[in-house]
Amino acid sequence: MRPARPAGGREVVFVDGVRTPFGKAGPGGLYGETRADDLVVRCLRELLRRNPSLPPERVDDVAVAATTQTGDQGLTLGRSAALLAGLPRTVPGYAVDRMCAGAMTAVTTAAGGIALGAYDVVVAGGVEHMGHHPLGAGLDPNPRLLAERMVDPDALVMGKTAENLHDRLPHLTRERCDAYAVASQEKLAKAYADGRVQPDLVPVATRSTERGWGLATRDEPPRPGTTMEDLATLRTPFRPHGRVTAGNAAGLNDGATACLLAAREAAEELGLPVRMRLVSFAFAGVEPEVMGYGPVPSTEKALAKAGLGIEDIGLLELNEAFAVQALAFLDHFGIADDDPRVNPWGGALAVGHPLASSGVRLMSQLARHFEDHPEVRYGLTAMCIGLGMGGTVVWENPHHESGSARQ
């Protein structure tokens, strides 16, 4: 195995990550009457509670992503959420947007600051309340994008981009996508039964005019027991006789995530756990009308920067915005649909995809997998991004049995 080159500057480590349970978007969902910024606040407070050796004043910045930065997802969310969470007023914050990769970009941007020496400890995360802010609501795309044919009109409708990917890769049939979706549901159900998901979930007090007060402790979107027969009956809303359905696509969801990143020396000074080391990251663009293919070039770039090949990657957390998107990635890299290295606890097809929050969910789960698999040295988190992009982060396991990750 070739050694991975360091990302440059100081070593950046992943300390801890948490998330709220994910809810179904809409008035009847878990968070129908819960503010988006309050979901972020719960995550920030939980990170501080779980890491008592970290003095709050040692947090150097707070980066929080949201795709639709208005209403309860506006007001420079990183700063306002930090104040609401009780962090000292000396701690600054900012907001990030890269659509689905918002939280991933919050992490990579903060990591760059740590590597450069501008920060020692940073909180990064994301939120999306798609019930309050449906994708595209209130936006005003420049008409030149379409009038001058800079992008295909399908680029603005994510489901249509998935149908286009099916067109490009006809061997990725609806049946194959449905089978992948059923497997995702099954893996998540087993992970819940084994108590694997719950440790990083932050309970959230909820209120509903109809149901009164409640406590969200589990993800709402999963459909355990889903069968191929169930999925075969679903309609294809983006195209007559198409292949993309509500069963093989992630739903519309609400939820938030947050994580702690630090320079290795700062983590050691403060007694914080080192759960992953950041090796490299990359973002890449593709044709917007087939945005689901984005993780392929971003992964190739990130691996090249690390001096690694896909054969060196022992665990993958791949976002599942659509089954066809995940399968396009696996096919490109010669990975089987049921490879146990990929999404061991299922993915967004089962658990949901609150856009800008999902990147940190992938990272938190990879950190857990690393603890269970000391034989694995490298893993990656990857996702497609609206308007034709992909993002990938390569991580090293500090628990690797050779001990090389600690050197």
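Each value, and the rule that gives it
Residues numbered from 1 in each chain as written. Predicted model: local features only at pLDDT ≥ 70, side-chain atom pairs only at ≥ 80, totals over all residues. Heavy atoms only, no water. Buried < 20%, exposed > 50% of the residue type's maximum accessible area, 1.4 Å probe, protein only. Helix = DSSP H or I, 4+ residues; strand = E, 2+ residues; numbered from the N terminus. Pairing = 2+ DSSP bridges. Contact = heavy atoms within 4.5 Å. UniProt positions renumbered as here; feature names shortened; annotations may be inferred. Lys, Arg positive; Asp, Glu negative; His and termini not counted. Salt bridge = Lys/Arg side-chain N within 4 Å of Asp/Glu carboxyl O. Phe/Tyr/Trp six-rings, centres within 6.5 Å; stacked < 30°, edge-to-face > 60°. Lys NZ or Arg CZ within 6 Å of the ring centre and 35° of its normal. Expected span 1.5 Å × (residues − 1). Patch = residues over 30% accessible without salt bridge, like charges linked within 9 Å, V, L, I, M, F, W, Y side chains within 5 Å. Areas by Shrake-Rupley, 256 points an atom, 1.4 Å probe, with all protein chains shown as cover. Disulfide = S-S within 2.5 Å.

Two faces belong to every sheet, and in a regular strand the side chains alternate between them. In terms of burial, strand β10 (residues 313–318) is a largely internal element, 6 of the 6 residues being buried. Here β10 pairs with strand β11 (residues 378–385) via 5 bridges, running parallel. Among the inter-strand pairings, Glu 317 is bridged to a residue of β11, identified as Thr 381.

This part takes up the side chain of Ser 80. Tracing the backbone shows Ser 80 in helix α2 (residues 77–84). Excluding anything up to four places from it in sequence, Ser 80 contacts Gly 74 and Leu 75.

With that out of the way, let us pick up the UniProt feature "domain: Thiolase C-terminal" (unreviewed entry) in the protein chain. Following the UniProt record, the feature "domain: Thiolase C-terminal" (unreviewed entry) maps to residues 275–396 here. The straight-line gap between the two end C-alpha atoms of residues 275–396 is 9 Å; of that span, 34% is helix and 26% is strand.

A few words now on the side chain of Glu 317. Locating Glu 317 in the fold gives a position in strand β10. Buried and without a salt bridge, Glu 317 has Arg 361 as its closest oppositely charged side chain, separated by 4.3 Å. Beyond its immediate stretch of four places on either side in the chain, Glu 317 contacts Asn 343, Pro 344, Arg 361, Leu 362, Gln 365, Leu 366, His 369, Leu 380, Thr 381 and Ala 382.

Counting across every chain of the model gives 3 aromatic pairs. Look at Phe 14 and Trp 395: their rings are 5.9 Å apart centre to centre, the planes differ by 80°, and that puts the pair in the edge-to-face class. Highlighted residues: Phe 14 in strand β1 (residues 12–19) and Trp 395 in strand β12 (residues 389–396), separated in sequence by 381 residues. Phe 14 gets classed as buried once you look at its relative accessible area, which sits at 0%. Classification of Trp 395 by relative accessible area gives buried; the value is 0%. When the ring of Phe 329 is compared with that of Phe 333, the centres are 4.8 Å apart and the planes differ by 50°; the resulting orientation is tilted. By the burial criterion, Phe 329 is buried, and Phe 333 matches it. When the ring centre of Phe 22 is taken as reference, the NZ or CZ atom of Arg 19 above it lies at 4.5 Å. Over the ring of Tyr 192 we find Arg 218; its NZ or CZ atom is 4.1 Å from the centre of that ring.

A rise of 1.5 Å per residue sets the reference length of helix α1 (residues 36–50), with its 15 residues, at 21 Å; its end C-alpha atoms lie 22 Å apart and thus fit the reference within 8%. Here α1 has its buried residues at Ala 36, Asp 37, Leu 39, Val 40, Val 41, Cys 43, Leu 44, Glu 46, Leu 47 and Leu 48.

Take a nonpolar patch on the surface next. Judged by side-chain polarity, Leu 146, Leu 156 and Leu 387 come together as a nonpolar surface patch covering roughly 240 Å² of accessible area. Looking at where Leu 156 falls in the secondary structure, it is placed in the loop between α4 (144–147) and α5 (158–168).

The next thing to look at is unusual backbone geometry. In this model, Met 99 sits at a positive phi of 50°, which is unusual for a non-glycine residue. Structurally, the position occupied by Met 99 is in the loop between β4 (93–96) and α3 (102–116). The class for Met 99 is buried, based on a relative accessible area of 18%. Phi is positive for Arg 149, which is not a glycine, with a value near 55°. In this fold, Arg 149 is placed in the loop between α4 and α5.

Let's shift gears to the state of the cysteines. All told, the structure shown has 0 disulfides when counted by the stated rule. The cysteine Cys 384 is free of any disulfide, with Cys 100 supplying the nearest cysteine sulfur at 5.8 Å. What makes Cys 384 buried here is its relative accessible area of 1%.

Turning to the pattern of salt bridges, a few remarks are in order. Summed over all chains, the structure comprises 29 salt bridges. Among the ionic pairs, Glu 46 bridges to Arg 49, the shortest N-O distance being 2.7 Å. Residue Glu 46 and its partner Arg 49 are located together in helix α1, separated by 3 residues, close to a single helical turn. With relative accessibility at 57%, the residue Arg 49 sits in the exposed group. Of the charged contacts in the structure, one is a salt bridge between Arg 50 and Asp 200, with a shortest N-O distance of 2.9 Å. Separated by 150 residues along the polypeptide, Arg 50 in helix α1 and Asp 200 in the loop between α6 (174–193) and β6 (204–208) bring together distant segments of the chain. You can call Arg 50 partly exposed: its relative accessible area is 23%. Each member of the salt-bridge network shares a partner with another, and the members are Asp 16, Arg 50, Asp 200, Arg 275, Arg 368 and Glu 371.

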